[in-house]
Amino acid sequence: MNTENKQFESKLHTLSINNRQGARIEGVLEVIRFDENEVLLETVCGTLSIDGEGLSLSEWNTERGLASLDGRIDAVTYFDKKQEDSKSHGRLFGKFLK
């Protein structure tokens, strides 16, 4: 973890969803990846996956650890390290079966 992200370790994490049509997330350390169906963020409380449709990253402020999303939100999931490893293996295995 670089020194820029260390300032957020003691910061609170908040997630605010607005009528399932957007979200504001504080305490974000890194945007791992995003596309129109999933946004994956590393937060001070673990990895956060947001699934939906037409998702876009409308704001990403590294100094404040703030991310804002637009689009329809269908699911929000937090993962610890063990769950992250299991999820990635499941996706890879699922791709081989298709």
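Counting starts from 1 at the beginning of each chain's written sequence and moves along it residue by residue. Local features in a predicted model are, by the rule used here, given only for residues with pLDDT of at least 70; side-chain atom pairs are given and counted only at 80 or more, and totals for whole chains, interfaces and linings are based on all residues. Only heavy atoms go into the side-chain values, all of them from the structure, while hydrogens and water stay out.

**What about the sheet that holds strand E5 (residues 46–61)?**
To keep things clear, this is the line we draw: When DSSP finds two or more bridges between a pair of strands, those strands are recorded as paired. Numbering goes from the N terminus for both helices and strands, where a helix is a DSSP run of H or I of at least four residues and a strand is a run of E of at least two. Fitting a line to C-alpha atoms yields each axis, with helices limited to the stretch in contact; the angle taken between N-to-C directions then spans 0 to 180 degrees.
If you trace the six strands from one edge of the open sheet to the other, you get E1-E2-E6-E5-E4-E3, paired in antiparallel fashion. Here the strands that pair on one side only, and so sit at the sheet edges, are strand E1 (14–17) and strand E3 (28–34). Neighbour-to-neighbour, the strand axes of this sheet turn through a mean angle of 35 degrees, independent of strand direction. Two elements, E3 and strand E4 (residues 38–43), share five bridges in a ladder whose sense is antiparallel. Along E4, the bridge assignment pairs Arg33 with Leu40.

**Details of the pattern of salt bridges**
As a reminder of what qualifies: Take a side-chain nitrogen of Lys or Arg and a carboxyl oxygen of Asp or Glu: if they are within 4 Å of each other, that pair is a salt bridge. Buried, partly exposed and exposed residues are distinguished by accessible area as a fraction of the type maximum, computed with a 1.4 Å probe on protein chains only: under 20%, between the cut-offs, and over 50%, respectively.
Under the defined criterion, the tally for this structure stands at five salt bridges. Note that Arg24 is salt-bridged to Glu26, the shortest N-O span being 3.8 Å. Assessed through its relative accessible area of 25%, Glu26 is described here as partly exposed. We note a salt bridge from Asp74 to Arg72, for which the minimum N-O separation is 2.8 Å. Here Arg72 falls in the partly exposed class, since its relative accessible area comes to 36%. Via salt bridges that share partners, Arg20, Glu53, Arg72 and Asp74 belong to a single interconnected network.

That is the geometry; function is a separate question.
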